[in-house]
Amino acid sequence: MTMEELLKIFLLVLTFSVPLFGLTYSDTKFNVIQFGAVGNGRTDDTNAFSQAWEATCKSSSTSSTMEVPSGKTFLINPLYFDGPCNNKIINVEINGNIIGPSEPSEWRCNNNACDNWMDFRYVDNLSIIGHGVINGHGGKWWSTTKLDSRPNALKISSANNVTLRGLTFKDVPHMHVVLDTLSSVSVSNITIDSPGDSPNTDGIHIAGSTNVVLDHCRIGTGDDCISIVTGSSHLKISNIICGPGHGISIGSLGKYGSHDTVEYVEVSDVVFIGTMNGARIKTWQGGSGYARNMIFERIYSQEASRIINVDQFYCDHMDCFTHDTALKISNITFREILGTSSNQPAVNLACSASVPCTDIVLDSIFLRQNNNKRASVACNNAYGRAQGMKIPRIACLNQI
């Protein structure tokens, strides 16, 4: 079977097949139009959204829904959607489009801080679903403002039982979706569309969250398609198309000597198209903690640069030093990884001499360069085993 045939199979498997069912539990609906929203793409509808949210959250119904109707485009500035709410179930149904101001100077931010655009906090049993497009007009932000002043599009934090489904995010100034300190999360059928040269525009960023299921998403961005940082565990990520972007990354972890932990992560059925990395673990020298108990399997690469990249020497600035301490990376399996690489080495295991990587398993690897040359593997202080089909030959992985 040719690489092209294998890619077709992967794309067929990843075809979106999950329908967007209507809300089942909605007892009371609050449409933003009823609160004065215009939806012409020019009038600022922030206040109407705020009032609709307040009514939704304070409703005494068992469940309530805030509606953003289709056929209109709503311009809003940064806004908090705070809980806890009075009712047991909160739905936000976004079928219209949401845009931000076209000029960074026109954004109205709290105390000049534009950390997040739509910020949901302390809202348990929250569902945000719909067919709407959220466009942040990020182009001018990317070229004219500092990273720490750019807003993330959607942040959901400090909550249990969260669902996010069906939305499209486009050209966001900073990160597209941030999931922070959550438990029991389902994310599906999300589309993210930003150019490959948009800086620091992570697709879905997961921090301090547990029991997260992320499924059937198409992500193209200028940074990590999915990034997973400290405090996250028990994540299941599957049926993802990533590209452009930097791949699916654990980390970075251990920056400025911090103690960081990520564990129990399953990543499966992913296609990387022209990405900088495929499956990546990136940690800083001098940190502590661990990245452990992870499986990356059934991965297809179409000209990703480094398809497997474990890097204990990650550094994104010029002042980088080697330390005697590092996070421990252990029990990581890469299984059924196939496709083409645009760079050498296709597999890079760069581990610390003082805290080497252990229990690394490379199982059934079939990789070549895009020019039909043999792909290469580089290992340093990596311990584990290679098994199953091995193309290219994997001889540098030290036996346990």
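See the structure printed just above.
Residues numbered from 1 in each chain as written. Predicted model: local features only at pLDDT ≥ 70, side-chain atom pairs only at ≥ 80, totals over all residues. Heavy atoms only, no water.

> What exactly am I supposed to notice about the overall build of the protein chain here?
The number of helices and strands found in the protein chain is three helices and 29 strands. Taking 21 Å as the expected radius of gyration for a compact globule of 400 residues, we find that the protein chain reaches 22 Å, a close match to that expectation. By principal-axis analysis of the C-alpha atoms, the protein chain measures approximately 65 × 45 × 40 Å. Taking all 400 residues of the protein chain together, 56% fall into the buried category. Long-range contacts, defined here as pairs at least 24 residues apart, represent 77% of the contacts in the protein chain between residues at least 6 apart. (Helix = DSSP H or I, 4+ residues; strand = E, 2+ residues; numbered from the N terminus. Rg over C-alpha atoms; globule rule 2.2 N^0.38 Å. Buried < 20%, exposed > 50% of the residue type's maximum accessible area, 1.4 Å probe, protein only. Contact = heavy atoms within 4.5 Å.)

> Can you help me understand the nonpolar core in this one?
Generally speaking, nonpolar side chains in soluble globular proteins are found buried as a group. Ranked by internal contacts, the top residues of the largest apolar core, which has 95 residues, are W53, F120, I128, F169, I250 and F334. By residue number, the principal contributor to this core is strand β11 (residues 152-165), which donates six residues. (Core = buried A, V, L, I, M, F, W, Y, C linked by side-chain atoms within 4.5 Å.)

> How should unusual backbone geometry be read in this particular structure?
Note on backbone geometry: most residues besides glycine have negative phi, and most peptide bonds are trans. Following G243, the chain continues into P244 via a peptide bond in cis, with omega recorded as 0°. Relative to the elements of secondary structure, P244 occurs in the loop between β18 (232-242) and β19 (248-253). That bond from I391 to P392 is cis: its omega, 10°, falls within 30 degrees of zero. Within the secondary structure layout, P392 lies in the loop between β28 (382-391) and β29 (398-399). If you check the backbone angles, H216 has positive phi at about 55° while not being a glycine.

> How do you make sense of the packing of aromatic side chains when you look at a structure like this?
Pairs of aromatic rings are described using the distance from one ring centre to the other and the angle between the two planes. Evaluation of the coordinates by the stated rule reveals eight aromatic pairs. Arranged with centres 4.3 Å apart and planes meeting at 10°, the rings of F81 and F120 form a pair that is stacked. Of the two residues, F81 is situated in strand β5 (residues 79-82) and F120 in strand β8 (residues 116-121); the sequence distance between them amounts to 39 residues. Residue F81 is classed as buried on the basis of its relative accessible area of 2%. Owing to a relative accessible area of 4%, F120 belongs among the buried residues under this scheme. With centroids separated by 5.4 Å and ring planes inclined at 90°, the aromatic side chains of W107 and W141 adopt a geometry described as edge-to-face. (Phe/Tyr/Trp six-rings, centres within 6.5 Å; stacked < 30°, edge-to-face > 60°.)

> What is the right way to read the side chain of T275 from this model?
Along the polypeptide, T275 turns up in the loop between β20 (259-273) and β21 (277-283). In contact with T275, other than residues within four places in its own chain, are C242, G243, P244, G245, G247, E303, A304 and S305.

Purely spatial values, then, with no claim about function.
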